Amino acid sequence: MTANEAALGALKQYFGYDSFRPGQSGLVDAILAGRDALGVMPTGAGKSVCYQIPAMLLPGVTVVISPLISLMRDQVDGLNDAGIPAAFINTTQAGDEQGMVLAQAAAGDVKLLYVAPERLETERFRNFASRVSISLIAVDEAHCVSQWGQDFRSSYLGIGEFIAGLPSRPIVAAFTATATERVRRDIVSMLGLNNPQITVTGFDRDNLYFDVIRMETKRKASWVAQYVAEHADESGIVYCATRKETEALAASLNHAVPMLRGAGAGAGASDAAGGSGAGVASAMPNGPVAVAYHGGMSPDVRERAQRDFVTDRVPVVVATNAFGMGIDKSNVRYVIHHNMPESIEAYYQEAGRAGRDGEPSRCTLLWNESDIVTRRRLLDNDYENERLTPQEQEIVRMSKRRLLDGMIGYCRTTECLHTYMTRYFGETTPCTTDGGKCAGGCTNCVSTFETIDVTDIARAISRCVHDVMYDFDEQGRPTRMPVRQGLGSGKIVAILRGSRAQDLLSRGFDRCPSYGQLKDAPEARVRDVLSQMATDGFLFISEGRLPIVGFGTRAAQTVAPDFHYEIKRIERKRESGSRARGLASASVAGDSGVAFGAYVPDDDEEALFQRLRELRRDIAQEIGKPPYIVFSDRTLRDMARIRPVTDAQFLAVNGVGESKLRQYGRRFMEAVAAFGAA
């Protein structure tokens with residue numbers, strides 16, 4: 001039997017799948033061949049399988065480095081449920097309990113051992129690692145090792161040193177959902193990956209509908225409450241920028257949503273969305289609608305909030321970005337950002353918590369100008385790292401400011417949001433389309449909105465970027481060769497608006513042909529266009545303490561006769577009637593009347609799906625685990641379609657392995673048979 005055949009056999013045995021998803025097979029084969037690997041795959045694409053399958057086939061133990069102890073238990077529970085011996089070591093355990101787990105791993109009774117990066121620095125774990133056969137080290141959320149990523153963590157800097165200190169170097173595999181080319185290079189360097197197999201699958205998630213709505217802060221809470229009420233049977237996450245906002249919004253939802261539901265809210269939007277994910281909130285009508293989650297809460301309160309959410313006791317969690325990295329809950333049907341995140345990486349990772357099971361889901365971003373101010377203030381005041389010098393910290397701050405510019409560009413772009421997102425991560429292939437609209441769906445492809453023609457501003461900015469590299473004489477004639485490297489964005493804007501600042505005049509920038517060319521344009525507008533041009537590839541802003549504006553890969557287009565450039569008008573068109581009073585210019589159900597291209601089963605199949613969900617909830621309560629660990633929504637939908645009544649038929653259901661058949665098969669097949677006989 002070849003290694004690939006063994007891997008496919010393990011995939012079917014433990015996870016119930018007949019074939020690997022795109023990108024998985026190459027990574028699994030490389031790891032089994034003893035080669036280091038780096039996998040960059042979107043959330044929900046199955047990164048964990050790429051190290052879990054090799055872990056079962058390689059000798060010794062696999063150490064999985066994961067940043068959040070709060071989700072280790074769910075990961076381990078899910079693996080044990082699938083018949084894979086896994087365990088974790090973290091601060092929630094007493095010393096003797098940790099000792100027992102380490103002893104089991106040393107004896108070969110544990111194949112996957114989950115630890116936080118801080119654990120690698122303890123003497124006890126280093127002693128364990130020095131005497132145990134470690135075949136593979138898997139680094140989850142590997143972008144945390146890079147200072148150029150959105151979630152740099154100093155604890156990740158010690159992973160490379162830990163690996164280098166082992167008596168025998170294991171295979172090292174790193175995985176992340178969000179990494180630009182620069183971050184990927186950092187991961188390879190910082191972790192010391194040797195000639196790794198690098199697999200970057202497509203970033204697009206075509207089961208996600210992306211929606212961007214500019215909204216005054218005072219209207220956001222009522223919008224979110226309306227949306228939650230209209231999607232009463234669905235599970236969702238609402239992200240806020242601050243701890244105070246999470247608690248206030250959770251309290252607001254618990255007050256407002258029951259009243260909205262009592263008034264009959266929920267029929268229109270929920271029906272339009274195809275009713276996917278039904279049966280969550282409606283199962284417990286008298287309980288709270290939402291719980292808050294943030295880093296300032298005590299560990300037991302945070303743990304209880306997360307457990308209530310992942311076990312479907314509470315349908316909505318309102319959280320800061322302390323919640324959700326790598327969360328395994330698969331049936332999250334919507335993610336709403338109450339405030340603008342700090343980067344595209346952060347947004348894509350947080351929005352990617354929706355639809356991990358592949359079912360249609362929605363990601364909505366509410367933003368306004370004050371969000372930008374808040375984010376910039378947080379960037380400047382909330383970044384300290386003892387491992388970096390003050391100069392290095394300032395470089396990181398500048399990098400994070402540019403990441404924020406990319407996020408602002410996402411809010412203001414007029415192009416397809418799927419295309420914007422994937423191009424940011426280096427993909428040049430546009431998203432798939434259906435009748436001129438992106439397959440996943442986004443507000444820019446299905447909605448109409450007002451735009452501003454900024455072609456002349458964009459041309460002037462491009463000309464100024466060229467001009468500042470030359471000296472000009474009194475007649476405005478340039479030198480033959482460039483004499484400067486360029487200037488930062490602030491200086492470019494100042495020159496275009498005709499600033500009389502002494503440092504500009506003393507260097508002769510008032511002789512540039514583009515000097516004062518935009519003196520009548522609002523400074524904020526010029527800055528917005530420059531930022532958008534950088535995110536759209538017309539300009540390039542260098543890294544470093546003094547970032548310089550240069551030309552991007554699309555710069556030549558700005559001098560073409562047919563060049564045309566638009567950005568969204570900040571204020572949207574007002575709509576008449578109750579729709580304008582109640583929500584925003586984009587309704588919670590989507591302007592097209594259908595939120596996304598959801599699969600809509602027939603009534604009989606939907607009824608069986610709901611029956612199976614009820615059984616799943618009962619079983620989950622009996623065993624004290626989240627429902628999605630029993631089966632995902634996608635598996636239950638496949639079960640409702642196939643209607644298995646024999647073991648062979650049950651194993652044919654997507655996502656059913658041998659362990660699941662032994663544990664749950666009889667009860668689900670009895671439910672299917674009873675439904676057919678009714």
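Residues numbered from 1 in each chain as written. Predicted model: local features only at pLDDT ≥ 70, side-chain atom pairs only at ≥ 80, totals over all residues. Heavy atoms only, no water.

1. Describing the sheet that holds strand 13 (residues 361-367)
- Spatially, six strands are ordered 8-13-12-9-11-10 in an open sheet, and the strand pairing comes out parallel. One side of each edge strand has no neighbouring strand; the edge strands of this open sheet are strand 8 (208-214) and strand 10 (290-293). When the angles between neighbouring strand axes are averaged without regard to direction, this sheet yields 15°.
- By the bridge criterion, seven bridges tie strand 8 to strand 13 in an arrangement that is parallel. Note that in strand 13 the partner of Leu208 across the bridge is Ser361.
- Along the sheet, helix 9 (residues 217-230) contacts strand 8, strand 9 (235-239), strand 11 (316-319), strand 12 (332-337) and strand 13; its crossing angle with strand 13, the most-contacted strand, is approximately 170°. (Pairing = 2+ DSSP bridges. Helix = DSSP H or I, 4+ residues; strand = E, 2+ residues; numbered from the N terminus. Axes fitted to C-alpha atoms, helices over the stretch in contact; angles between N-to-C directions. Contact = heavy atoms within 4.5 Å.)

2. A look at the packing of helix 5 (residues 95-106) against helix 6 (residues 123-131)
- Relative to each other, helix 5 and helix 6 sit at 10°, their axes nearing to 11 Å. On the basis of their axis angle, the class for helix 5 and helix 6 is roughly parallel. Residue-level inspection shows Gly95, Gln98, Gly99, Leu102, Ala105 and Ala106 of helix 5 in contact with helix 6, the latter providing Arg124, Phe125, Phe128 and Arg131.
- Of the residues that constitute the contact of helix 5 with helix 6, the class distribution is five nonpolar, three polar and two charged. (Parallel < 35°, antiparallel > 145°, perpendicular 65-115°, else oblique. Nonpolar A, V, L, I, M, F, W, Y, C, P; charged D, E, K, R; others polar.)

3. Describing the packing of aromatic side chains
- Taken as a whole, this structure holds 17 aromatic pairs when the rule is applied.
- Each ring, one from Phe125 and one from Phe162, has its centre 6.0 Å from the other, and the planes form 35°; the classification is tilted. Taken together, the residues span a long stretch of sequence, with Phe125 in helix 6 and Phe162 in helix 7 (residues 159-164) at a distance of 37 residues.
- An angle of 80° between the planes, with centres 5.2 Å apart, marks the rings of Phe631 and Phe668 as edge-to-face. With Phe631 in the loop between helix 24 (627-630) and helix 25 (633-642) and Phe668 in helix 27 (residues 658-677), this pair connects stretches of sequence that are 37 residues apart. (Phe/Tyr/Trp six-rings, centres within 6.5 Å; stacked < 30°, edge-to-face > 60°.)

4. Quick notes on the confidence of the model for the protein
- Confidence along the protein averages 82 in pLDDT terms, with 83% of residues attaining 70 or more.
- Ranking the helices and strands of the protein by mean pLDDT puts strand 5 (residues 134-139) first, with 96, and helix 22 (residues 577-582) last, with 31.
- Between residues 265-284, whose pLDDT stays under 50, and residues either more than four places distant or in other chains, the model counts 56 contacts. (pLDDT = per-residue confidence, 0-100.)

5. Quick look at helix 9
- Here helix 9 contains 14 residues, and its C-alpha end-to-end distance of 21 Å stays within 8% of the 20 Å for a straight helix at 1.5 Å per residue.
- All of the buried residues along helix 9 are Lys220, Trp223, Val224, Ala225, Gln226, Tyr227, Val228, Ala229 and Glu230. (Expected span 1.5 Å × (residues − 1). Buried < 20%, exposed > 50% of the residue type's maximum accessible area, 1.4 Å probe, protein only.)

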